[in-house]
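Secondary and tertiary structure notes
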Amino acid sequence: MSQTKPKRTKLAPEPSQADTPLRDYDGKQWDERLMTLGASLWSPNWFRLLIVLLAALLFIATVTVKLNSTQQWVFGILCILVAFLLSRISGRLITVTMVTLSIFVSLRYIYWRVTQTLNFSGPLEFVFGYALLLAEIYALVMLILSYFQTLWPLPRRPVPLPVDTSAWPTVDVYIPTYNEPLDVVRQTVMAATVLDWPADKLRVYVLDDGRRDEFREFCAQAGVGYLTRADNQYAKAGNLNAALPRTSGEYIAVFDCDHITTRSFLQVCMGWFLKDKKLAVLQTPHVFFSPDPFERNLETFRRVPNEGDLFYGVVQNGNDLWNASFFCGSCAVLRRSALEDIGGVATESVTEDALTALKLSAKGYNTAYLAVPQAAGLATESLGRHIGQRIRWARGMAEIFRKYNPLLSRGLRLSQRLCYLSAMMHFFFGIPRMVFLLMPMAYLFFGAQVFHASALMVLAYVVPHLIISNMGASRIQGRFRHSFWNEIYETVLAWYTIVPVIQALLFPGSKGFNVTAKGGVIRQSFFDWALARPYLGLLLVNLVGVVVGLVDLAHHPKWIVTMSILFNLGWVAYNIMLLSAAAGVASEEKQLRSMPRVQVKLPAAVGLPDGRRIACQASDFSRGGLGLMMPEDAPLPERGERVMISVFRDNYEGIFPAEVVMCRGRLLGVSFPDLTIEQERDLARVTFARADNWSSSWGKYRPDRPMRSFVEVIGIGIVGLRDLLKQMFWWGKGHLRHPAEVSTGAPGTKRS
């Protein structure tokens, strides 16, 4: 075990009312003063009840009022203008007003749909019509739940620890692994051993479900505990539970084997446990230093927020306000006594982390989320692995919905029920998404009227609903989710999550745990025909719909029919854009690095064999090497030459023997082939484990602008369609020239 010195990291000052978001949010003094003034008027209970009843009556009366087409158009445009004007003003009260307006307009749309558009004349219209209505109701419910979760995010800050380190608790660090290579796990272990925590109060354990001798030997060299078990029952949850009786720390920090912690992790997190004796779990964000397949294949890494940014940047903060933060399986700390009180990590679901948090909440424990990135890991390398991981999440949440429905579970508050319900219902998105992708064909192919209303009337209701809900979502989520990008994610995943979700609802627990492999490479760019097949089928159906619609358009001079055809063609065009973007994601880009680089600017120095020492700047680091930007006119070592590399952290200097592997211009690339265990530990200390590694850049995306995002998504769709046509051209050309060879790589197989 390493003798880590109990150094303390300077923490952000705790706000005077850390759990009172009004004092911290945005620093908008005017709405704070207004709310303070309003609070005195609001205090009598009878007055509060009267206002709520009057507002509810007025709200319902306005939602249900009937307007003709012209009146509804005027009303809708006025609502859009009001929303636009509100969007130009900052402040929490304005956000609440926009959300209220969005819910009002959307409820008005659904009320109109239910009361005036369902006069179906045949079984075909009945089936298509109600399928669309149910899909729309699902979307509205998720919109309202999303607003509830995220409207008032809690900006929790770290709580400083006592100066006397003897008052700090003991912590066990668990690093579970199953089949990941040692190269992936090694750096995680090294970083965990340099955590800034008293050495006699910290113990690191590798929980190896693979029972591998090389891991046992490495753990012995690194001075960390090695635990394994005879079987792999209950996968990761079983692995964690097996370690509980064999360790004794008061708290347990869990890191996936590729999540490398910073030195400050425990100092940032543990203060809340000392302050809140009922706190059972504290979660921090999952940050990735490599692009996921969407980011890599669409070239949006560090430019557009990824799928997980919304959850860790907005949703978890919102959950925290309602004491419903989720345990996410890694980068978190759990109180041992609370975990043992619920029988250990939940084993009844493949999403054991979410169910564990649900059980803790139901037992009366508190959960917390601290939006300070203190660890980072590898994203899934390929679309296939990414989809496999999401299938597991969808199946697990559907299982929990069926077996531990938050609406029926005992011990939860209403707000907690709604937060958990939102998280579980989200994974049913595949079914409505497929409905939206296919529904225009009901009219274009079969003439089925899914709306018994004119196209102009439909637009008069649906346009304000779509525009204002997008504006509301963008205002709340814009820092961590750009508008319309979730449509691409959902389109890619929808097909693959439908069957697992339905299966989990009907037969919960029928499937086992699948591990998400990390640390792989893609040696050659390819188009994943096998995974893209569902999108291609849907794309073909929509393209045929365009042809049918255009033919109909030529044969129907009546403007009412023309408007209906144009309405459906517009819908189809949007679907084609999404499906083309999905096809673009299936075009896998080459990725030869199993050790992705992290871009940095660190002071460094190169010691040449002749004794000269050149100050320079480290431009990036990875688990295996370092990039160095050398100053002008400085002598450069040759490739293959051995040098000594210094990397500085404040006044600390880490010195490492290295080999030059690349020299291009003033950029030098070095690897570290011969480090000792202590030097590895030291390298982790000055690179991955730096306290400010991820927090300084996390969430620093440009603000969302819905129209710009819409244009970007259209562009992604056009590029995706172009790439798809190019792939088909090259496949067809190769098939004609070398039919025997190409036959093994035909569309529908990953080999092509």
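Placed above this text is the structure.
This write-up is about the structure you can find in this document. (Residues numbered from 1 in each chain as written. Predicted model: local features only at pLDDT ≥ 70, side-chain atom pairs only at ≥ 80, totals over all residues. Heavy atoms only, no water.)

1. What about the overall build of the protein?
Of the regular secondary structure elements, the protein holds 24 helices and 18 strands. By the burial criterion, 55% of the 752 residues in the protein qualify as buried. For the protein, long-range pairs separated by at least 24 residues make up 78% of all intrachain contacts whose partners lie at least 6 apart in sequence. Taken as a whole, the protein presents about 32,700 Å² of accessible surface, with 61% of it coming from carbon and sulfur. (Helix = DSSP H or I, 4+ residues; strand = E, 2+ residues; numbered from the N terminus. Buried < 20%, exposed > 50% of the residue type's maximum accessible area, 1.4 Å probe, protein only. Contact = heavy atoms within 4.5 Å. Areas by Shrake-Rupley, 256 points an atom, 1.4 Å probe, with all protein chains shown as cover.)

2. Structural notes on the pattern of salt bridges
The tally for this structure, following the rule as stated, stands at 24 salt bridges. One salt bridge connects Arg156 with Asp320, and the closest N-O pair in it is separated by 2.7 Å. Of this pair, Arg156 sits in the loop between α5 (123-150) and β1 (171-177) while Asp320 sits in helix α11 (residues 307-321), and the two are 164 residues apart along the sequence. Given the relative accessible area of 12%, Arg156 is considered buried. Relative accessible area serves as the criterion here: at 3%, Asp320 is assigned to the buried category. One salt bridge in this structure joins Arg613 and Glu653, with 2.7 Å as the shortest N-O distance. Highlighted residues: Arg613 in strand β14 (residues 613-621) and Glu653 in strand β17 (residues 652-664), separated in sequence by 40 residues. (Salt bridge = Lys/Arg side-chain N within 4 Å of Asp/Glu carboxyl O.)

3. Concerning the environment of Pro609
Turning to its location among the elements, Pro609 is positioned in the loop between β13 (598-607) and β14. Residue classification places Pro609 among the exposed positions, given a relative accessible area of 56%. Residues Pro609 and Glu641 lie 32 residues apart in sequence; the distance between their C-alpha atoms is 8.4 Å. Once residues lying within four places of it in the same chain are set aside, the contact partners of Pro609 are Glu641, Arg642 and Val643.

4. Quick word on the packing of aromatic side chains
For the structure shown, the criterion picks out 28 aromatic pairs. Judged by centre distance (6.0 Å) and plane angle (75°), the ring pair of Phe75 and Phe104 falls under edge-to-face. Of the two residues, Phe75 sits in helix α3 (residues 69-87) while Phe104 sits in helix α4 (residues 92-116), which places them 29 residues apart along the sequence. Look at Phe75 and you get partly exposed, because its relative accessible area is 25%. Pairing Phe126 with Tyr130 gives two aromatic rings, centres 4.7 Å apart and planes at 55°, and the pair type is tilted. (Phe/Tyr/Trp six-rings, centres within 6.5 Å; stacked < 30°, edge-to-face > 60°.)

5. Details of a nonpolar patch on the surface
A grouping of Leu124, Phe445, Phe446, Leu540 and Val544 is seen on the molecular surface, where their side chains present a nonpolar patch of about 460 Å² in accessible area. Elements that contribute at least two residues to the nonpolar patch include exactly α17 (440-446) and α20 (529-555). Here Val544 lies in helix α20. (Patch = residues over 30% accessible without salt bridge, like charges linked within 9 Å, V, L, I, M, F, W, Y side chains within 5 Å.)

6. Re empty space enclosed by the protein
Following the criterion strictly, the structure yields eight cavities of 30 Å³ or more and no others. Of the pockets and cavities examined, the largest cavity occupies roughly 120 Å³. Contributing to the lining of the largest cavity are Tyr443, Ala448, Gln449, Val450, Phe451, Ala453, Ser454, Ala455, Val458, Ser564, Phe567 and Asn568. Secondary structure elements with two or more residues in the lining of the largest cavity: α18 (455-477) and α21 (559-585). Among the elements that make up the lining of the largest cavity, the one with the highest residue count is α21 (three residues). In terms of residue class, the lining of the largest cavity is made up of eight nonpolar, four polar and no charged. (1 Å grid on protein atoms, 1.4 Å probe; cavity = no way out; pocket = protein on both sides within 12 Å on 5 of 7 lines; lining within 4 Å. Points joined across faces, edges and corners; volume = space filled by probe spheres on them. Nonpolar A, V, L, I, M, F, W, Y, C, P; charged D, E, K, R; others polar.)

7. Describing the side chain of Arg156
Within the structure, Arg156 has its side chain in polar contact with the side chain of Asp320 (distance 2.7 Å). Aside from chain neighbours lying at most four places away, what touches Arg156 is Trp272, Asp320, Thr367, Ala368, Tyr369 and Leu370. (Polar contact = N/O pair within 3.5 Å; in protein donor to acceptor, adjacent residues only side chain to side chain.)

8. Overview of unusual backbone geometry
Despite not being glycine, Asn323 has its phi angle at roughly 55°, a positive value. As for its placement among the helices and strands, Asn323 is situated in the loop between α11 and β8 (332-335). Not every positive phi belongs to a glycine, and Asp633 is a case in point at roughly 70°. By secondary structure assignment, the location of Asp633 is in the loop between β15 (625-629) and β16 (642-649). On the accessibility criterion, Asp633 (75% relative accessible area) is exposed.

9. Quick notes on the pairing of β16
Relative to β16, β13 is paired through four bridges, and the arrangement is antiparallel. Residue pairing for β16: Ala605 is matched across the bridge by Ser646. Relative to β17, β16 is paired through eight bridges, and the arrangement is antiparallel. The partner of Met644 across the bridge, within β17, is Pro657. Here β16 folds back onto β17 in antiparallel fashion, the turn holding two residues, of which Asp650 has a positive phi close to 55°. (Pairing = 2+ DSSP bridges.)

10. So, the packing of helix α16 (residues 430-438) against helix α19 (residues 485-506)
A pair of packed helices is captured by two measures, namely the crossing angle of their axes and the spacing between those axes. Where α16 contacts α19, the two axes come as close as 7 Å, and the packing angle between them is 120°. Between α16 and α19, the interaxial angle falls into the category oblique. The interaxial crossing formed by α16 with α19 has left-handed handedness. Contacts from Gly430, Ile431, Arg433, Met434 and Leu437 in α16 reach Glu487, Glu490, Thr491, Ala494, Trp495, Thr497, Ile498 and Ile502 in α19. Of the residues belonging to the contact of α16 with α19, the class tally is seven nonpolar, three polar and three charged. (Axes fitted to C-alpha atoms, helices over the stretch in contact; angles between N-to-C directions. Parallel < 35°, antiparallel > 145°, perpendicular 65-115°, else oblique. Left-handed = near helix turned anticlockwise from the far one by under 90°.)

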